[in-house]
Amino acid sequence: MTQLQEKLALIKNSIITIPDYPKKGILFRDITSLLEDPVAFRTSVELLIDHYKDKKIDKVVGTEARGFIFAAPIALALNIGFVPVRKPNKLPRHVFKEKYQLEYGTDTLEIHSDAIKAGERVLIIDDLLATGGTVAATAKLIQKAGGIAQDAAFVINLPALEGKTKLTNMGINCFTLVDFDGE
Ligand SMILES: O=P(O)(O)OC[C@H]1O[C@H](OP(=O)(O)OP(=O)(O)O)[C@H](O)[C@@H]1O
Ligand SMILES: Nc1ncnc2[nH]cnc12
């Protein structure tokens with residue numbers, strides 16, 4: 001195994017799967033077990049930072065709630081601003097809103113309308129890519145605010161749900177660390 005493969009295996013092995021949560025038939029990939037392991041947590045954040053350190057990115061956007069955990073340290077390491085995309089009625093100033101579908105429901109996301117400057121290149125960070133609905137809605141919010149949703153990065157990808165294809169077709173470059181198939 002290469003050093004990179006060892007790091008990715010460490011990350012994958014730190015993530016616990018819970019069957020039938022929050023609904024029957026869903027295999028829930030739980031990042032709280034990764035967060036409890038400082039080596040796995042640090043390694044996942046460092047690999048994402050490494051990938052983006054020489055790319056031209058102006059802002060990091062993180063999605064509530066699990067996306068915040070990874071987005072904030074990445075924004076600090078890249079020395080650029082962090083912008084939260086939040087669930088409804090959490091942001092105090094004027095917002096843009098976008099409805100979206102989840103693997104197990106629907107919801108709305110919001111961004112402060114002045115959080116991104118015209119033409120800024122944005123990296124979206126989330127813990128997990130399933131259908132891509134969350135990040136597609138986030139990308140639309142970034143566009144409404146005048147920015148370019150250029151890249152999106154995730155610790156976990158669920159390839160069966162084809163989120164990567166959805167986001168790539170929207171012109172978003174995707175980077176993910178570990179895949180979980182049906183196992
Ligand atoms: O690719 P998608 O099909 O959109 O699914 C992935 C999203 O679903 C989960 O968040 P959730 O909405 O459950 O919110 P949470 O982070 O507040 O738990 C996860 O953290 C991603 O944001
Ligand atoms: N299978 C899954 N596990 C954890 N978080 C998710 N968000 C959407 N689908 C998920």
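Labelled according to an unreviewed UniProt entry, the chain appears under the name Adenine phosphoribosyltransferase, originating from Gilliamella intestini. Recorded in UniProt under Catalytic activity (unreviewed entry), the annotation for the chain is "AMP + diphosphate = 5-phospho-alpha-D-ribose 1-diphosphate + adenine".

### Describing the overall build of the chain
A count of helices and strands for the chain gives six helices and nine strands. Taken over C-alpha atoms, the radius of gyration comes to 16 Å for the chain, in line with the 16 Å a tight globule of 183 residues would show. With the C-alpha coordinates aligned to their principal axes, the bounding extent of the chain is approximately 45 × 40 × 30 Å. Counting over 183 residues, the chain shows a buried share of 45%. In the form shown here, the chain has an accessible surface area of approximately 9200 Å², with 52% of it arising from carbon and sulfur atoms. Here the chain contributes 23 positively and 23 negatively charged side chains, and the mean placements of these two sets differ by 6 Å.

### A closer look at the sheet that holds strand E3 (residues 59-63)
The five strands lie next to each other as E4-E3-E7-E8-E9, forming an open sheet whose pairing is parallel. With partners counted over all chains shown, the strands left at the sheet margins are strand E4 (81-85) and strand E9 (173-179), one partner each. Sheet twist, expressed as the mean angle between neighbouring strand axes with direction ignored, is 20°. Across four bridges, the pairing between E3 and strand E7 (residues 121-129) is parallel. In the strand pairing of E7, Gly62 is matched with Ile125.

### Observations regarding the pattern of salt bridges
Under the counting rule described, the total for this entry stands at eight salt bridges. Glu98 serves as the salt-bridge partner of Lys144, at 3.0 Å between the closest nitrogen and oxygen. Of this pair, Lys144 sits in helix H5 (residues 133-144) while Glu98 sits in strand E5 (residues 95-102), placing them 46 residues apart in sequence. Among the residues examined, Lys144 registers a relative accessible area of 42% and is labelled partly exposed.

### With respect to the site of ligand 1
As a matter of local geometry, ligand 1 sits amid 16 residues, with Asp126, Asp127, Thr131, Gly132 and Thr134 nearest to it. Residue Arg66 places a side-chain N or O atom 3.0 Å away from an oxygen atom belonging to ligand 1. The separation between an oxygen atom of ligand 1 and a polar side-chain atom of Asp126 is 2.4 Å. When isolated, ligand 1 has an accessible area of 500 Å², and the protein chains bury 88% of it. At four residues, the largest contribution of residues to the shell around ligand 1 is made by E7. Counted by class, the shell around ligand 1 contains six nonpolar, four polar and six charged residues.

### Re the environment of Ala71
Relative to the helices and strands, Ala71 is located in helix H4 (residues 66-78). Among the residues examined, Ala71 registers a relative accessible area of 0% and is labelled buried. With 56 residues separating them in the primary sequence, Ala71 and Asp127 have C-alpha atoms 8.8 Å apart. Apart from the residues within four sequence positions on either side, Ala71 is in contact with Val60, Gly62, Phe82 and Ile125.

### Looking at the environment of Leu47
Take Leu47: it is sitting in helix H3 (residues 38-52). Looking at Leu47, the relative accessible area reads 11%, which means it is buried. Along the sequence, Leu47 and Leu177 sit 130 residues apart, while their C-alpha atoms lie 8.1 Å from each other. Those residues in contact with Leu47 that sit more than four places away from it in its chain are Leu4, Lys7, Leu8, Ile11, Phe175 and Leu177.

Rules used in this analysis
- Residues numbered from 1 in each chain as written.
- Chains lettered and ligands numbered in written order.
- Predicted model: local features only at pLDDT ≥ 70, side-chain atom pairs only at ≥ 80, totals over all residues.
- Heavy atoms only, no water.
- UniProt positions renumbered as here; feature names shortened; annotations may be inferred.
- Helix = DSSP H or I, 4+ residues; strand = E, 2+ residues; numbered from the N terminus.
- Rg over C-alpha atoms; globule rule 2.2 N^0.38 Å.
- Buried < 20%, exposed > 50% of the residue type's maximum accessible area, 1.4 Å probe, protein only.
- Areas by Shrake-Rupley, 256 points an atom, 1.4 Å probe, with all protein chains shown as cover.
- Lys, Arg positive; Asp, Glu negative; His and termini not counted.
- Charge placed at Lys NZ, Arg CZ, Asp CG, Glu CD.
- Pairing = 2+ DSSP bridges.
- Axes fitted to C-alpha atoms, helices over the stretch in contact; angles between N-to-C directions.
- Salt bridge = Lys/Arg side-chain N within 4 Å of Asp/Glu carboxyl O.
- Near = heavy atom within 4 Å.
- Polar contact = N/O pair within 3.5 Å; in protein donor to acceptor, adjacent residues only side chain to side chain.
- Nonpolar A, V, L, I, M, F, W, Y, C, P; charged D, E, K, R; others polar.
- Contact = heavy atoms within 4.5 Å.

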